[in-house]
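Observations on chain architecture
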Amino acid sequence: MTARAAALKAQGREIITLSQGEPDFDTPDNVLEAGIQAIRSGKTRYTAVAGITPLREAIRDKLKRDNSLDYDVDQITVGCGAKQVVFNGLFASLNPGDEVVIPSPCWVSYPDMVRLAGGTPVMAECSEVLDFKLGPESLEAAISPRTKWLMLNSPLNPTGAVYSAADLSRLAEVLRRHPHVWVLADDIYEKLVYPPARFATMAEIAPDLHDRTLTINGVSKANCMTGWRVGYGAGPIELIKAMNTIQGQTSSHTSSISQHAAIEAIAGDQSYIAGFVAEFQRRRDLVVARLNEAPGLRCRTPEGAFYVYPNCAGVIGKRTPSGDTITSDTDFAMHLLDAAGVAVVPGSGFMASPYIRISYASSFEELERACDKIIKACADLR
Ligand code: PMP
């Protein structure tokens, strides 16, 4: 899709890209200043593998303040984005044949990371009518004696679903019956939750599972720092030590400059986040309302992140004006790119079809134009 979008752009076509997984806002000024200050004051050398102590202290305080979680600084590791921390957690713990339960739709990287680490992904399909969330019966059915991890991501990429405290409590009840299963909580979209929904994370909701939970978060999404590459994990000391051992032989640590900027992002003024959330909510409401006007699309209202995940079953089997039949969500995404000049991601990439993922991390005006074009491209199908 990306290659095709780039080729069309090179031909001079206007392409609206709604496939990106990052906020369109700039990194806030106070964070930029902290980064510049770090460069000027010579904070440009190797750091500790787990991350500089003041950053890990800021993370410890954040986990206490926002999530009521208690961790020592040694139970915290900092990596090159949440992505590396997820990978380190899996790589440090999986033996060949170990299974990892992944509710689907899911972030594209999870199944491949599990395979890279020698494990076996076990996809647990989550239905649209249950807001794409894993229920206790499905979790129970997915667990085997070989299960090592349950991967939980909330708010969820690609659907924007948010697990409530009650949802997590129900899953915790199942996990109590299976003490060999650990929980990887990917909280990277924590701050992007739209009222009345509220964020919750497993180690907070089920303190008795704290010692088998790896809580992962970072500054990429809420603090608009995707390119700075800072993410972190907090969990049992032996696991964190093993993750540090792996990181010590791979990247060593993330950029010293980014680590200093991240202290400001986590401990400094973050009042800008409320403005981002309000703007994202305005865009979400626009996009959901408009997409539901498109013949063949059905779009739920997600509670978090900056994605919608409309069902496109209603366009499958229809023909484009040029005579091609839409047989899959990939065909439909191609049609939107060719006919409407809008780039989205087909649901097959997230292990759930027929859907498309649309990111609303674009300006309101651009989203309005994109929705007009999508509605027309759907109406043109026969
Ligand atoms: N987890 C999920 C669910 C994500 O969507 C992403 C980013 N696309 C990440 C982790 C990785 O975040 P980071 O940029 O901090 O590596």
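The rules behind each value
Residues numbered from 1 in each chain as written. Predicted model: local features only at pLDDT ≥ 70, side-chain atom pairs only at ≥ 80, totals over all residues. UniProt positions renumbered as here; feature names shortened; annotations may be inferred. Helix = DSSP H or I, 4+ residues; strand = E, 2+ residues; numbered from the N terminus. Rg over C-alpha atoms; globule rule 2.2 N^0.38 Å. Buried ≥ 20, exposed ≤ 12 C-beta atoms within 10 Å, placed from the backbone. Near = placed C-beta within 6 Å. Nonpolar A, V, L, I, M, F, W, Y, C, P; charged D, E, K, R; others polar. Domains from an automatic or database assignment. Contact = placed C-beta atoms within 7 Å. Pairing = 2+ DSSP bridges. Axes fitted to C-alpha atoms, helices over the stretch in contact; angles between N-to-C directions.

Identification of the protein chain as aspartate transaminase from Azospirillum picis is taken from an unreviewed UniProt entry. Per UniProt, the protein chain has the following entry under Cofactor (unreviewed entry): "pyridoxal 5'-phosphate". What UniProt records for the protein chain under Sequence similarities (unreviewed entry) is the sentence "Belongs to the class-I pyridoxal-phosphate-dependent aminotransferase family."

**Considerations on the overall build of the protein chain**
On a plain count of helices and strands, the protein chain comes out with 13 helices and 12 strands. Computed over the C-alpha atoms, the radius of gyration of the protein chain is 21 Å, within 12% of the 21 Å expected from 2.2 N^0.38 for a compact globule of 382 residues. Judged by the C-alpha coordinates and their principal axes, the protein chain covers about 60 × 55 × 40 Å. Taking all 382 residues of the protein chain together, 50% fall into the buried category.

**Digging into the site of the ligand**
Looking at the ligand, there are 13 residues lining it, with Gly-81, Ala-82, Lys-83, Asn-157 and Ser-220 nearest. Among the elements that make up the shell around the ligand, the one with the highest residue count is helix α4 (residues 81-93) (three residues). When grouped by side-chain class, the residues that make up the shell around the ligand number three nonpolar, eight polar and two charged.

**Topic: the UniProt feature "domain: Aminotransferase class I/classII large" (unreviewed entry) in the protein chain**
Mapped onto the present numbering, the UniProt feature "domain: Aminotransferase class I/classII large" (unreviewed entry) falls on residues 14-374. When the span residues 14-374 is considered, its composition is 38% helix and 14% strand, and the gap between its end C-alpha atoms is 14 Å.

**Structural notes on the domain arrangement of the protein chain**
Domain assignment breaks the protein chain into domain 1 (2-21 + 272-379) and domain 2 (43-267). For domain 1 and domain 2, the distance between their C-alpha centroids amounts to 28 Å. Residue-level contacts link 22 residues of domain 1 with 23 residues of domain 2. Of all the secondary-structure elements, those providing two or more residues to the side of domain 1 that touches domain 2 are α11 (272-291) and β9 (307-308). Among the elements that make up the side of domain 1 that touches domain 2, the one with the highest residue count is α11 (five residues). Looking at the side of domain 1 that touches domain 2, its residues break down into 12 nonpolar, six polar and four charged.

**Focus on the pairing of strand β2 (residues 76-79)**
Of the two faces of β2, the one holding Ile-76 and Val-78 and the one holding Thr-77 and Gly-79 are both buried throughout. Examined bridge by bridge, β2 and strand β8 (residues 231-234) share four bridges and lie antiparallel to one another. Bridging across to β8, Gly-79 finds its partner in Gly-231.

**Structural notes on the sheet that holds strand β4 (residues 120-125)**
Reading across the sheet, the seven strands line up as β2-β8-β7-β6-β5-β3-β4 and stay open at both edges, with mixed pairing between neighbours. Single-partner strands in this sheet number two, and they are β2 and β4. Put simply, the sheet's adjacent strands are angled 20° from each other on average, direction ignored. With six bridges joining them, strand β3 (residues 99-104) and β4 adopt parallel strand pairing. The residue of β4 that forms the bridge with Ser-104 is Glu-125. The sheet strands contacting helix α3 (residues 53-67) are β2 and β8, and the helix crosses β2 at an angle near 115°. Against the sheet, helix α5 (residues 109-116) makes contact with β3, β4 and β5 (147-153), and its axis sits at roughly 155° relative to β4, the strand it touches most.

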